[in-house]
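Chain by chain, the residues:
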Amino acid sequence: MKKKVAFMTRHHSTLICEEARAMLKDAGFEIVSNDTGRILSREEQKALIRDAYAIIAGTEKYDREMLEGCDNLKVVTRFGVGTDNFDLQTMREMGLQVGVIANYNAVAEFALTLILSVMKNLPRYDVAVRDGKWSRFSMRELTGKTVGLVGFGRIGRRLAELLSGFGVTILAYDPFINEEAAKERNVQVAGLEELLEKSDVVSLHLPSTKETHHLINAETIQMMKDGAYLINTARGSLVDEQALYGALVSGKLSGASLDVFEKEPVTKENPLFVLENTVLAPHVSALTYETNYNGGLICAESIIRVANGEKPVYPLW
């Protein structure tokens, strides 16, 4: 009997490339997918994964109740890097192997795009031209500025590499920072308060945890340099949006670029919508063709590796 790989996202056909499907098929696996075109109910999700050997997980929640009865399950691979929808303690207790994919280049490129977009007022120019207006707005140059990276994992490190040609000073804060990796990229290690005080641009690259919830709040915003820019491609829970709104209105901060929000999908009730000094995106920084293609291959390889007694490509433990 073939081992079952369950994939619940309704977008599975665009995420798992034919090469990845062929890898799994040739290794004796059968992919069972959500072909309804809609998000499955909780009970439908449980039914789909109940006898699975492997799960390719999206953003749906995997808690103890969801995983109960999954006696054949050996590996969960996240089609992404965030695992705040995973009950990791339960997964450890079950002896599961858990892995993620690599989207660090896509997210780092998008973060750089957001930095330049908000500093150059690009969205406002686009709207003005489409409205038949020949407007002029104040812009800033990135060259010569100090960029602070809050979080220095794969994404932060890649962004540091992309920034290296802009003639910027780069500071990095991370509770578990790899100082050798920072040194290799000419990045200066700093404490959080020092980074906020000195940075013209602050870019967030931390996971969502109890410790990072509202890391950017009224108090820490006051520590930031007057006129600085805030960039968030990590998780919406890192930022107190009411405090950010106040700082953008008062002029404490010159602008903000956000790909993630406290409540998603974001709606027009969010006060950040009315501000012209914001650049907003719908949590899409990793959604490149390249990341999706390679992500499918990584998921397939991770499942096959676990079946062969090895670790996933990017294991959590």
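Residues numbered from 1 in each chain as written. Predicted model: local features only at pLDDT ≥ 70, side-chain atom pairs only at ≥ 80, totals over all residues. Heavy atoms only, no water.

Draft legend 1. View of the side chain of Asn-34. Here Asn-34 is to be found in the loop between β2 (29–33) and α3 (42–49). On the accessibility criterion, Asn-34 (3% relative accessible area) is buried. Separated by 2.9 Å, the side chain of Asn-34 and the backbone oxygen of Met-8 make a polar contact. Of note is the side chain of Asn-34, whose polar atom sits 2.6 Å from the side chain of Thr-36. (Helix = DSSP H or I, 4+ residues; strand = E, 2+ residues; numbered from the N terminus. Buried < 20%, exposed > 50% of the residue type's maximum accessible area, 1.4 Å probe, protein only. Polar contact = N/O pair within 3.5 Å; in protein donor to acceptor, adjacent residues only side chain to side chain.)

Draft legend 2. Region of interest: the sheet that holds strand β10 (residues 228–232). Read from one edge of the open sheet, 7 strands run β8-β7-β6-β9-β10-β11-β12, paired in parallel fashion. Each end of this open sheet is capped by a strand with a single partner; those strands are β8 (188–189) and β12 (278–280). Examined bridge by bridge, β10 and strand β11 (residues 253–258) share 5 bridges and lie parallel to one another. In the strand pairing of β11, Leu-230 is matched with Ala-256. Packing of helix α6 (residues 104–120) onto the sheet brings it into contact with β9 (201–204), β10, β11 and β12, and relative to β10 it is tilted by some 145 degrees. In the packing of helix α12 (residues 241–250) onto the sheet, the strands contacted are β10, β11 and β12, and the crossing angle to β11 comes to about 140 degrees. (Pairing = 2+ DSSP bridges. Contact = heavy atoms within 4.5 Å. Axes fitted to C-alpha atoms, helices over the stretch in contact; angles between N-to-C directions.)

Draft legend 3. Layout of the packing of helix α2 (residues 18–26) against helix α13 (residues 289–307). Put simply, α2 and α13 touch, their axes get as near as 8 Å, and they point 10 degrees apart. Considering their axes alone, α2 and α13 lie roughly parallel with respect to each other. Each of Glu-19, Ala-20, Met-23 and Leu-24 in α2 lies in contact with α13, whose residues at this interface are Tyr-293, Gly-296, Leu-297, Ala-300, Glu-301, Ile-303 and Ile-304. Here the contact of α2 with α13 is composed, by residue class, of 8 nonpolar, 1 polar and 2 charged. (Parallel < 35°, antiparallel > 145°, perpendicular 65-115°, else oblique. Nonpolar A, V, L, I, M, F, W, Y, C, P; charged D, E, K, R; others polar.)

Draft legend 4. The arrangement of the pairing of β10 in detail. For β10, the tally of buried residues reaches 5 of 5 residues, placing the bulk of the element in the interior. In β10, alternate side chains face the same way, and those of Ala-228, Leu-230 and Asn-232 on one face and Tyr-229 and Ile-231 on the other are all buried. Where β9 lies against β10, 4 bridges are found, and the strand directions are parallel. Bridged to Val-202 within β10 is Leu-230. You can see the chain leave β9, run along helix α11 (residues 218–223) and come back into β10, and the turn it takes is right-handed. Traced from β10 through α12 to β11, the parallel crossover comes out right-handed. (Right-handed = clockwise from strand over helix to strand, strands pointing away.)

Draft legend 5. Structural context of a nonpolar patch on the surface. A surface patch of nonpolar side chains, amounting to about 250 Å² of accessible area, comprises Phe-273, Val-274 and Leu-280. Structurally, Val-274 can be placed in the loop between β11 and β12. (Patch = residues over 30% accessible without salt bridge, like charges linked within 9 Å, V, L, I, M, F, W, Y side chains within 5 Å. Areas by Shrake-Rupley, 256 points an atom, 1.4 Å probe, with all protein chains shown as cover. Salt bridge = Lys/Arg side-chain N within 4 Å of Asp/Glu carboxyl O.)

Draft legend 6. Inspection of the packing of aromatic side chains at higher detail. On inspection of all chains with the given rule, the structure shows 5 aromatic pairs. Ring geometry for Tyr-125 against Phe-137: centres 5.1 Å apart, planes inclined by 55 degrees, an arrangement best described as tilted. On the criterion of sequence distance, the pair formed by Tyr-125 in helix α7 (residues 122–130) and Phe-137 in the loop between α7 and β6 (146–150) is long-range, its members being 12 residues apart. Residue Tyr-125 is classed as buried on the basis of its relative accessible area, which comes to 19%. Stacked on the ring of Tyr-53, the Lys or Arg Lys-3 has its end atom at 4.5 Å from the ring centre. (Phe/Tyr/Trp six-rings, centres within 6.5 Å; stacked < 30°, edge-to-face > 60°. Lys NZ or Arg CZ within 6 Å of the ring centre and 35° of its normal.)

Draft legend 7. Layout of the nonpolar core. Of all hydrophobic cores here, the largest spans 29 residues; its most connected members are Leu-142, Leu-149, Phe-152 and Leu-163. If you list the elements that add at least two residues to this core, you get α6, β6, α8 (154–163), β7 (169–173), α9 (179–184) and β10. Considering each element in turn, this core owes the most residues, 8 residues, to α6. For Phe-152, the residues in contact, after removing those within four places along its chain, are Arg-157, Ala-160, Ala-172, Tyr-173, Asp-174, Ile-177, Asn-178, Ala-181, Ala-182, Arg-185 and Val-187. (Core = buried A, V, L, I, M, F, W, Y, C linked by side-chain atoms within 4.5 Å.)

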